Amino acid sequence: QVQLVESGGGLVQAGGSLRLSCAASGRSFSSYVMGWFRQAPGKEREFVAAISWSGARTYYVESVKGRFTISRDNAKNTMYLQMNTLTPEDTAVYYCAAHYGSRWPVFGANEYDSWGQGTQVTVSS
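What this report covers is the structure whose coordinates are included nearby. If you're wondering where the values come from, they're calculated on a predicted model, not measured in any experiment.

1. Examining the overall build of the chain
And then number 1: Regarding its fold elements, the chain presents zero helices and eleven strands.
And then number 2: Mapped in sequence order, the helices and strands of the chain form the string β-β-β-β-β-β-β-β-β-β-β.
And then number 3: Relative to a compact globule of 125 residues, whose C-alpha radius of gyration would be 14 Å, the chain shows 13 Å and is just as compact.
And then number 4: Judged by the C-alpha coordinates and their principal axes, the chain covers about 40 × 25 × 25 Å.
And then number 5: The buried share of the chain, taken over its 125 residues, is 45%.
And then number 6: Sequence-distant contacts, at least 24 apart, represent 60% of the contacts inside the chain between residues at least 6 apart.
And then number 7: Carbon and sulfur atoms make up 48% of the accessible area of the chain, which totals about 6,100 Å².
And then number 8: Side chains of the chain carry 11 positive and 9 negative charges; the gap between the two charge centres is 6 Å.

2. Here's the deal with the pattern of salt bridges
And then number 1: Within this structure, the stated rule accounts for five salt bridges.
And then number 2: The residue Arg67 makes a salt bridge to Asp90 at a minimum N-O spacing of 2.7 Å. Of this pair, Arg67 sits in the loop between β6 (58-60) and β7 (68-73) while Asp90 sits in the loop between β8 (78-83) and β9 (92-100), placing them 23 residues apart in sequence.
And then number 3: A residue is classified by how much of its surface remains accessible, and Arg67, at 16% relative accessible area, is buried.
And then number 4: Ionic pairing is found between Arg103 and Glu111, a salt bridge with its closest N-O pair at 2.3 Å.
And then number 5: Within this structure, Arg38, Glu46, Arg67 and Asp90 form a network of salt bridges that share partners.

3. Description of the sheet that holds strand β1 (residues 2-7)
And then number 1: The strand order across the open sheet built from four strands is β1-β3-β8-β7, with neighbouring strands paired in antiparallel fashion. The outermost strands of the open sheet, each flanked by one partner alone, are β1 and β7. Geometrically, the sheet is characterised by an average inter-axis angle of 15 degrees between neighbouring strands, direction not taken into account.

4. Focus on the nonpolar core
And then number 1: The biggest cluster of nonpolar side chains holds 29 residues, and the ones touching the most others in it are Met34, Trp36, Met79, Leu81, Met83 and Tyr94.
And then number 2: Elements supplying a minimum of two residues to this core: β1, β3 (18-26), β4 (32-39), β5 (46-51), β7, β8, β9 and β11 (119-124).
And then number 3: The next biggest cluster of nonpolar side chains, apart from the first, holds eight residues, and it includes Val33, Phe47, Ala50 and Trp53.

5. Details of the environment of Ala49
And then number 1: Here Ala49 shows up in strand β5.
And then number 2: A sequence separation of eleven residues divides Ala49 from Arg38, and the C-alpha atoms of the two residues are 9.8 Å apart.
And then number 3: Those residues in contact with Ala49, other than ones at most four positions away along the chain, are Met34, Gly35, Trp36, Tyr59, Tyr60, Ile70 and Leu81.

6. Structural notes on the side chain of Ser21
And then number 1: If you trace the backbone, Ser21 turns up in strand β3.
And then number 2: Once you skip the residues sitting within four places of it in the chain, Ser21 turns out to touch Val5, Glu6, Ser7, Trp36, Thr78, Met79 and Tyr80.

Cut-off values and rules
- Position numbers for residues start from 1 in each chain and track the written sequence from start to end.
- Since the coordinates come from a predicted model, pLDDT governs what is reported: local features require at least 70, and pairs of side-chain atoms require 80 or more to be given and counted, while whole-chain, interface and lining totals use all residues.
- To get the side-chain values, all heavy atoms of the structure are used, and hydrogens and water are removed first.
- Comment: elements are numbered from the N terminus, with helices defined as DSSP H or I runs of at least four residues and strands as E runs of at least two.
- As defined in this context, the radius of gyration uses C-alpha atoms, and a globule is described by 2.2 Å times the residue total to the power 0.38.
- Here the term buried applies to any residue with accessible area under 20% of the maximum for its type, exposed to any over 50%, and partly exposed to those in between, with areas from a 1.4 Å probe on protein chains only.
- Note on contacts: a residue pair is in contact if any heavy atoms of the two residues lie within 4.5 Å.
- We get accessible surface area from the Shrake-Rupley algorithm with a probe of 1.4 Å; when it comes to residues, only the shown protein chains can shield them.
- Note on charges: Lys and Arg go in the positive column, Asp and Glu in the negative column, and His and the chain ends are not counted at all.
- We put the charge of a Lys on NZ, of an Arg on CZ, of an Asp on CG and of a Glu on CD.
- One side-chain nitrogen of Lys or Arg within 4 Å of one carboxyl oxygen of Asp or Glu is enough to make a salt bridge.
- Think of it this way: DSSP has to see at least two bridges between two strands before they count as a pair.
- Lines fitted to C-alpha atoms define the axes here, with helix axes fitted over just the stretch in contact, and angles between the N-to-C directions of these axes take values from 0 to 180 degrees.
- Joining through side-chain atoms within 4.5 Å is the link that ties buried Ala, Val, Leu, Ile, Met, Phe, Trp, Tyr and Cys residues into a set, and such a set is a nonpolar core.

Structure, rendered in structure tokens:
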């Protein structure tokens, strides 16, 4: 299994930007489809974005298309989520996750094998 640690969360004003990072250790990072999820208070965990093994393919939930960009650097065992034009509705704990397998895209939380501890993103109005 791969171990995941998120960083980069914080408090930002509406319209601002943040970049989240997810550092991986353990088994070969490039063998995993990687994803970002988020969970707001009182709501279920929501898929945000996924990226394929090499980074050639990406997949986003409709609400973040054009604002968020997922990327990865397999040489650094790290995945990123660049978040622009943030709104209060983006406020949530953001989690990175890893899926070991050959399926694409992968956007079900129960399809991911490893999870980070989460990082809080708060967007003020």
